[in-house]
Amino acid sequence: MSAPTAPTAAERTFQGVRRSDGAIGVRDNVLVLPSVICSHIVADRIAANVEGAVSTPHDHGCAQLGADNDQTWRTFLSLAANPNVAGTVVVGLGCEEIQSEDVAEALQSRGVPVRELSIQGVGGTDECVRRGVEFASELAAARSDEAATAGLGELTLGLLSSHLDATTREVADPLVGEVARAVVDAGGRVVVAGNERVTAHPAAARAATVGDARDPLAALLDRHEGHPPRARGLGRPPPDRSLGDSTRSRGGLDVSAVVPYGDPVGIDEGLALVDAPSRFAEATTGLAAAGANVVLHATGDGVLTGHPLVPVVKVTGDEGTVAALPNDIDVDATAADADDVLDRLVDVANGRECCAEAHGLTEFAITRVGPSM
């Protein structure tokens, strides 16, 4: 008798949350979004008092200029529209550049359940926390309690490789690439962060890009030309490095779109590059803004943190990292195959906590594109 075969990616299903726009969420959290650095502690306090609420503390929203300010604005709106978010409470100070009431109005026009308040507008810190807890509790109570069956073809999977040592490039990346291809073959979307890897191999990046994505990719390459790589372990690529070497982490998939940082992905299926650095917190925020509802993070040195809005599944190909951090790594790439990772993704999509979630470890940041005052 032959052994039973594992289900294909297209055959795997999970119980998620169906949003009004048809998107599927794998978490059902209320986002408490500070519109400015000055309100992030209040936002943290509000979220801490409401089950199922999360906050995103950051140092933006005040004294930003031009493109940098615009990018922060776009990121706020896209994060609140991530399918893992059931509703958003926007918390402002009252005198910042990006006003909380403007963010809330823009979200409401997009159909996002939203409440808004500011510290100055309601009479101070204590009153803002009290009323913010009321608003977040209202949104939490209004969440749908009906699970929706979905397949991996409805996921938007985020990919990030950091600390690009040999174990990441040669062990973890190929495994992550197999999973990415399986999700796309099932009809899903994959969004990839890490500009440094793309700009280090411009010829390979151009060769793997198709159709309408070519012009945005050319603009991305021009914008980052000459910038030193910030992904650890990348260094200067060998002149004979092949296309396969530079695209291994995405399964050799062609690039169908290039997504500006802070924007949602504009394709229904396939693979898109997000204009984001490889620094974990900034990259994961960019992936979440693009619409990723779960992220695979290939890490050689074992970055432990996750993200407030999306579960982050840690994958390592380093035996020493697995031995040192057995309860912080979700997938040991030295002993797993693609089916194992797909099973883990389904478990996480079904609500099982990944390691970072179980430990309550999150990190949030928005990348900058220009000077601030």
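Procedures and definitions
Residues numbered from 1 in each chain as written. Predicted model: local features only at pLDDT ≥ 70, side-chain atom pairs only at ≥ 80, totals over all residues. Heavy atoms only, no water. Buried < 20%, exposed > 50% of the residue type's maximum accessible area, 1.4 Å probe, protein only. Helix = DSSP H or I, 4+ residues; strand = E, 2+ residues; numbered from the N terminus. Pairing = 2+ DSSP bridges. Right-handed = clockwise from strand over helix to strand, strands pointing away. Arc of directions from axis to C-beta. Contact = heavy atoms within 4.5 Å. 1 Å grid on protein atoms, 1.4 Å probe; cavity = no way out; pocket = protein on both sides within 12 Å on 5 of 7 lines; lining within 4 Å. Points joined across faces, edges and corners; volume = space filled by probe spheres on them. Nonpolar A, V, L, I, M, F, W, Y, C, P; charged D, E, K, R; others polar. Axes fitted to C-alpha atoms, helices over the stretch in contact; angles between N-to-C directions. Left-handed = near helix turned anticlockwise from the far one by under 90°.

Caption draft 1: Molecular detail of the pairing of strand E12 (residues 294-299). Taking burial as the measure, the six residues of E12 include six buried ones, the bulk of the element. Side chains Val 294, Leu 296 and Ala 298 of E12 all project onto a buried face; the interleaved residues Val 295, His 297 and Thr 299 project onto the opposite face, where all are buried too. Of the strand pairs in this sheet, strand E8 (residues 156-162) and E12 are connected by six bridges, and their pairing is parallel. Pairing of Leu 160 across the sheet is with His 297, part of E12. Direction of pairing for E12 relative to strand E13 (residues 312-316): parallel, over a ladder of four bridges. Paired with Val 295 across the strands is Val 312, a residue of E13.

Caption draft 2: The arrangement of the pairing of strand E5 (residues 85-92) in detail. Across the eight residues of E5, eight count as buried, placing the element largely inside the fold. Here E5 pairs with strand E6 (residues 114-118) via five bridges, running parallel. Pairing of Thr 88 across the sheet is with Val 114, part of E6. Where the polypeptide runs from E5 across helix H3 (residues 100-109) and back to E6, its parallel neighbour, the crossover connection is right-handed.

Caption draft 3: Looking closely at the sheet that holds strand E1 (residues 13-18). Ordered in space as E2-E1-E7, the three strands form an open sheet in which the pairing is antiparallel. Two strands bound the open sheet, and with one partner strand each, they are strand E2 (24-25) and strand E7 (148-151). Judged from the two bridges that link them, E1 and E2 form a sheet pairing that is antiparallel. Bridging across to E2, Val 17 finds its partner in Gly 25.

Caption draft 4: Region of interest: helix H9 (residues 214-224). Buried within H9 we find Leu 217, Leu 220, Leu 221 and His 224. Buried residues of H9, viewed axially, fall in a sector of 95°; they line one side. Residues of H9 that are exposed and angled more than 90 degrees away from the buried face: Asp 215 and Asp 222. Taken together, the buried residues of H9 touch helix H7 (195-199), helix H8 (202-207), strand E10 (257-259) and strand E11 (270-274).

Caption draft 5: The arrangement of the environment of Asp 173 in detail. Following the sequence through the fold, Asp 173 ends up in helix H6 (residues 166-185). Asp 173 gets classed as buried once you look at its relative accessible area, which sits at 0%. Note: C-alpha distance between Asp 173 and Asp 347 (174 residues apart in sequence) is 21 Å.

Caption draft 6: Region of the structure containing the layout of surface pockets. By volume, the largest pocket is sized at about 830 Å³. When contributions to the lining of the largest pocket are tallied by element, the ones reaching two or more residues are helix H2 (66-80), E5, helix H5 (125-141) and helix H11 (280-290). In terms of residue class, the lining of the largest pocket is made up of 18 nonpolar, twelve polar and ten charged.

Caption draft 7: Region of interest: the packing of H6 against helix H13 (residues 338-349). Axis separation between H6 and H13 bottoms out at 9 Å; the angle between their running directions is 65°. Where H6 crosses over H13, the two elements pack in a sense that is right-handed. Of H13, the residues touching H6 (which contributes Leu 175, Glu 178, Val 179, Ala 182 and Val 183) are Ala 338, Val 341, Leu 342 and Leu 345. In the contact of H6 with H13, the residues fall into eight nonpolar, no polar and one charged.

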